Amino acid sequence: MAYFENIGKINYEGARSTNPYAFKFYNPEEKIGGKTMEEMLRFGVAYWHTFTEDLSDPFGVGTAIRPWDKFKGMDLAKARVEAAFEFFEKLGVPYFCFHDIDIAPEGDTLRESNQNLDTIVAMIKDYMKDSKTKLLWNTANNFTNPRFVHGAASSSSADVFAYAAAKVKKQLEIGKELGGENYVFWGGREGYETLLNTDMKLEMDNLGRFFHMAVDYAKEIGFDAQFLIEPKPKEPTSHQYDFDVASGYAFLQHYDLQDHFKFNIEANHATLAGHTFEHELHYARVNNMLGSVDANQGHPLLGWDTDEFPADLYSTTLAMYEILKNGGLGKGGLNFDAKVRRGSFEPEDLFHAHIAGMDSFAVGLKIAQKLLDDNVLEGIVDNRYSSYQQGIGKDIVEGKTDFHKLEDHAYGLTTIAQPSGRLEQIRATINQYLLTAYAGE
Ligand code: XLS
Ligand code: NI
Ligand code: NI
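Residues numbered from 1 in each chain as written. Chains lettered and ligands numbered in written order. Predicted model: local features only at pLDDT ≥ 70, side-chain atom pairs only at ≥ 80, totals over all residues. Heavy atoms only, no water.

Enquirer: Which residues make up the overall build of the chain, and what values go with them?
Expert: Looking only at helices and strands, the chain features 16 helices and 14 strands. A compact globule built from 441 residues should have a C-alpha radius of gyration of about 22 Å, and the chain, at 24 Å, falls within 12% of that. Once the C-alpha set of the chain is aligned to its principal axes, its extents read approximately 80 × 60 × 45 Å. Counting across all 441 residues of the chain, residues that qualify as buried make up 50%. Here the analysis covers contacts within the chain between residues at least 6 apart in sequence; of these, 76% occur between residues at least 24 apart. Summed over all atoms, the accessible surface of the chain reaches about 21,100 Å², with 52% contributed by carbon and sulfur. (Helix = DSSP H or I, 4+ residues; strand = E, 2+ residues; numbered from the N terminus. Rg over C-alpha atoms; globule rule 2.2 N^0.38 Å. Buried < 20%, exposed > 50% of the residue type's maximum accessible area, 1.4 Å probe, protein only. Contact = heavy atoms within 4.5 Å. Areas by Shrake-Rupley, 256 points an atom, 1.4 Å probe, with all protein chains shown as cover.)

Enquirer: Account for helix H11 (residues 313-325), with residues named and values stated.
Expert: Along its 13 residues, H11 runs 18 Å from first to last C-alpha, staying within 8% of the 18 Å computed at 1.5 Å per residue. Glycine 327 sits one or two residues past H11 and shows a positive phi near 75°. (Expected span 1.5 Å × (residues − 1).)

Enquirer: Lay out the coordination of the nickel ion (ligand 2) in plain terms, naming residues and giving numbers.
Expert: Those donors, Glu230 (OE), Glu266 (OE), Asp294 (OD) and Asp337 (OD), are the protein atoms that reach the nickel ion (ligand 2), and they lie 2.0 to 2.1 Å from it. Bound by six donor atoms, the nickel ion (ligand 2) shows angles of 81 to 175° at the metal and therefore octahedral coordination geometry. Within one chain, the residues donating to the nickel ion (ligand 2) are spaced in sequence as E-x35-E-x27-D-x42-D. The metal-metal distance between the nickel ion (ligand 2) and the nickel ion (ligand 3) comes to 3.7 Å, with glutamate 266 coordinating both. You can see glutamate 230 sitting in the loop between strand S10 (226-229) and strand S11 (239-240) and its partner glutamate 266 sitting in strand S12 (residues 261-266), a full 36 residues away along the chain. Considered together, glutamate 230 and glutamate 266 belong to a single accessibility category, that of buried residues. (Donors = N, O, S within 2.8 Å, 3.2 Å for Na, K, Ca; no water. Tetrahedral: all angles 85-135°; square planar, octahedral: opposite > 155°, others 65-115°.)

Enquirer: Can you explain the site of ligand 1? Please cite residues and give values.
Expert: Neighbouring ligand 1 are Trp48, His99, Trp137, Trp186, Glu230, Lys232, Glu266, His269, Asp294, Asp305 and Asp337. A distance of 3.1 Å separates an oxygen atom of ligand 1 from a polar side-chain atom of histidine 269. Taking aspartate 305, its side chain carries an N or O atom lying 2.8 Å from an oxygen atom of ligand 1. Residues belonging to the shell around ligand 1 are distributed by class as follows: three nonpolar, two polar and six charged. (Near = heavy atom within 4 Å. Polar contact = N/O pair within 3.5 Å; in protein donor to acceptor, adjacent residues only side chain to side chain. Nonpolar A, V, L, I, M, F, W, Y, C, P; charged D, E, K, R; others polar.)

Enquirer: Which residues make up the pairing of strand S8 (residues 182-185), and what are the values?
Expert: With burial as the criterion, each face of S8 is covered, one bearing Asn182 and Val184 and the other bearing Tyr183 and Phe185. In this structure, strand S7 (residues 134-139) lies alongside S8, joined through two bridges in parallel fashion. Counted as the bridge partner of tryptophan 137 is asparagine 182 from S8. Considered for its hand, the β-α-β crossover made up of S7, helix H6 (residues 158-177) and S8 is right-handed. Pairing geometry for S8 and S10, over four bridges, is parallel. By the bridge assignment for S10, asparagine 182 is matched with glutamine 226. (Pairing = 2+ DSSP bridges. Right-handed = clockwise from strand over helix to strand, strands pointing away.)

Enquirer: A description of the pattern of salt bridges should follow, citing residues and the corresponding values.
Expert: One pass over the structure, following the stated rule, counts 20 salt bridges. Between lysine 167 and aspartate 100 there is a salt bridge; the shortest N-O distance is 3.2 Å. In this pair, lysine 167 sits in helix H6 while aspartate 100 sits in helix H4 (residues 100-103), placing the two residues 67 residues apart along the sequence. Here lysine 167 matches aspartate 100 in class, with each residue buried. The salt bridge involving glutamate 398 is made with lysine 400; its shortest N-O contact spans 2.8 Å. A relative accessible area of 39% means that glutamate 398 is categorised as partly exposed. If you follow the salt bridges from partner to partner, you end up with Arg42, Lys134 and Glu181 in one network. (Salt bridge = Lys/Arg side-chain N within 4 Å of Asp/Glu carboxyl O.)

Enquirer: Describe the packing of helix H8 (residues 245-254) against helix H10 (residues 277-286), naming the residues involved and giving the relevant values.
Expert: It is at 9 Å that the axes of H8 and H10 come closest, and there the two elements cross at 30°. Classed by the angle they form, the pair H8 and H10 counts as roughly parallel. In contact with Val245, Ala246 and Tyr249 of H8, H10 contributes Glu280, Tyr283 and Ala284. Looking at side-chain class alone, the contact of H8 with H10 contains five nonpolar, no polar and one charged residues. (Axes fitted to C-alpha atoms, helices over the stretch in contact; angles between N-to-C directions. Parallel < 35°, antiparallel > 145°, perpendicular 65-115°, else oblique.)

Enquirer: Can you tell me about unusual backbone geometry, naming the residues and giving the values?
Expert: Looking along the chain, the bond that leaves glutamate 235 and enters proline 236 is cis, with omega of 5°. Note on placement: proline 236 falls in the loop between S10 and S11. Although it is not a glycine, asparagine 375 adopts a positive phi angle of roughly 55°. Position of asparagine 375 relative to the elements: it lies in the loop between helix H12 (347-373) and helix H13 (376-384).

Enquirer: An account of a nonpolar patch on the surface is needed here, citing residue identities and associated values.
Expert: A contiguous nonpolar patch, built from Ile380, Val381, Tyr385, Tyr388, Ile396 and Val397 and spanning about 520 Å² of accessible area, is present on the exposed surface. Among the secondary structure elements, those contributing two or more residues to the nonpolar patch are H13 and helix H14 (391-397). Mapped onto the elements of the fold, valine 381 is located in helix H13. (Patch = residues over 30% accessible without salt bridge, like charges linked within 9 Å, V, L, I, M, F, W, Y side chains within 5 Å.)

Enquirer: Account for the sheet that holds strand S14 (residues 334-336), naming residues and giving values.
Expert: Around the barrel, eight strands lie side by side as S5-S6-S7-S8-S10-S12-S13-S14; this closed barrel has parallel pairing. Pairwise comparison of adjacent strand axes, ignoring direction, gives a mean angle of 30° for this sheet. As defined by bridge partners, S12 adjoins strand S13 (residues 290-294) across four bridges and the pair is classed as parallel. Bridging across to S13, phenylalanine 263 finds its partner in leucine 290. Its contacts with the sheet put H6 on strand S6 (95-99), S7, S8 and S10, and the angle it makes with S7 is roughly 175°.

Function cannot be inferred from these measures alone, as they are strictly geometric.
Dropping the structure here:
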């Protein structure tokens, strides 16, 4: 049965197409910098936002009209799988991502939940045989159920710690079964609300222990996915232990986990942390820790994770610039951890949203590659730091100097010549690239 009957395969029709069900910029086969767009962008659909989400908010019930919602329980879970693979096929996306509870309903016991998962995973595996869509990552939802009220791996209850471990264990097995390329940890409840009742040191140590056990178990079963931590500063807890890439990296190094993890960087989480998206990507990249991306955007006026589909070309350009500088995403991808707005409740909106996101990153990729080819930003940066290429600067970076020699150098200075940072000119140049890249198309 078809769930999106009126919609056919989404094809690339070019920048001037007026067909809303066509890509204007994402041309999967087009080569940019030696790789096809499909290989470079590695788009993924988030199962939860696309097939499970009902668009409810704290002030109102769901608005989403979904053709599979006539079913209940396990029948609903099965209908969602059918709808998902129809959607992946029509959109031509290479990847998808899910949490355990997105794909199968929780039972009354852990055993029952796992049985439900087994049924649906077998069905997904079957669909994957005839589909080119692969699993980018899966994860355990250790935050929705009331048992996680005080955290999961950082819970004050050892029983909850054990329950969370059992759920991750199952997801690692499922990741292996479905050939998942990564495994994500987003610690929704791994933080705290108040120090007045919290043993922060024990919670963080336990989180470190939990990750080590996960690494060990993956090794034990021969699951060689890349492990990813997804930092987020707040929401739902007021103090998340993996606030941003920098604090997450410090955590991983402190607990000797840095060789087993990389980061899954979400645009909206970056802005909640008071950073730009590109800052988080850059921080991870220069430390060789950039793993994957949750491609979305936040609302500039709202202070929570609005998870909007990315449409800001300036941001996608600077993000793709970092990704290109990283040599691509390796096993990672661009997962649309994004939901349609509450007012966009029709099934068709799921297509419009993904088309918009895919086109926006395709534009970002093209412009970023041009900026790199023309050595625009690289040239500016190299020039700005040229004082470290000779003389005292070279001695500094080569470790050949000390405070005595630096003081001597400083005494000898009469003037210090520094060039302008030229920010406004740089911005104008980026605008020029954005506006002329498609001239003539
Ligand atoms: C929530 C997170 C979540 C993770 C997966 O803010 O972004 O969706 O990506 O658990
Ligand atoms: Ni996310
Ligand atoms: Ni998020």
